[in-house]
Amino acid sequence: MTERVVVGGALCHQGRLLAARRSAPPELAGRWELPGGKAEPGETDPEALVRELREELGVETEPLGRIPGEWPLKPGLVLHVWTARLVSGEPAPLEDHDELRWLEPGELDSVDWLDQDRPAVAEIGRRMRAAHTGAHRGA
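To keep things clear, this report deals only with the structure shown in the data block. Please read all numbers here as calculations on a predicted model, not as lab measurements.

Observations regarding the environment of Leu18
Mapped onto the fold, Leu18 is located in strand β2 (residues 16-22). Residues Leu18 and Leu108, 90 residues apart in the sequence, show an inter-C-alpha distance of 9.7 Å. Apart from the residues within four sequence positions on either side, Leu18 is in contact with Leu11, Leu34, Pro35, Leu57, Pro91, Leu100, Arg101 and Trp102.

Have a look at this one:
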């Protein structure tokens, strides 16, 4: 069976990561994720990410790079996480979410992430802390 890709967006802005709290389906409601969704047939990961973040958050974004790894969601679905920057708009919970939070690197463990998002969030946290440390050294 061919796996269908779900893209997750690690949307970073001003040194913070956007977390989105699920409102649906019921088994995921109340837990936090990197926003995104399923790639359509013929759509690349970056194209799917831009479309999904526009639909779910009402923002324009630019995909920057994929976080190494992929995480199974359920049979036939696999998660790919991409870092992205905010180009325009203010994120709002338009679809499948009831709350958004911008998290500083030290706040990433303050929400209950979906299990499949945790490895990518940990990697993003490492990158954010490294960038923050470099900025303070004048790098």
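Still more ground to cover, so stick around.
Quick look at the pairing of strand β1 (residues 4-13)
With respect to burial, β1 is a largely interior element, 7 of its 10 residues being buried. Sheet topology note: the β1/strand β7 (residues 77-88) ladder contains 9 bridges and is parallel. Looking at the pairing, Arg4 lines up with Leu77 of β7. The pairing of β1 with strand β4 (residues 36-38) spans 3 bridges and is antiparallel. By the bridge assignment, Gly8 is partnered in β4 with Gly36. The pairing of β1 with β2 spans 2 bridges and is antiparallel. In the strand pairing of β2, Cys12 is matched with Leu17. Hairpin remark: β1 followed by β2, antiparallel, with 2 residues in the connecting loop; positive phi at Gln14, about 55 degrees.

Conventions and cut-offs
- Residues numbered from 1 in each chain as written.
- Predicted model: local features only at pLDDT ≥ 70, side-chain atom pairs only at ≥ 80, totals over all residues.
- Heavy atoms only, no water.
- Helix = DSSP H or I, 4+ residues; strand = E, 2+ residues; numbered from the N terminus.
- Contact = heavy atoms within 4.5 Å.
- Buried < 20%, exposed > 50% of the residue type's maximum accessible area, 1.4 Å probe, protein only.
- Pairing = 2+ DSSP bridges.

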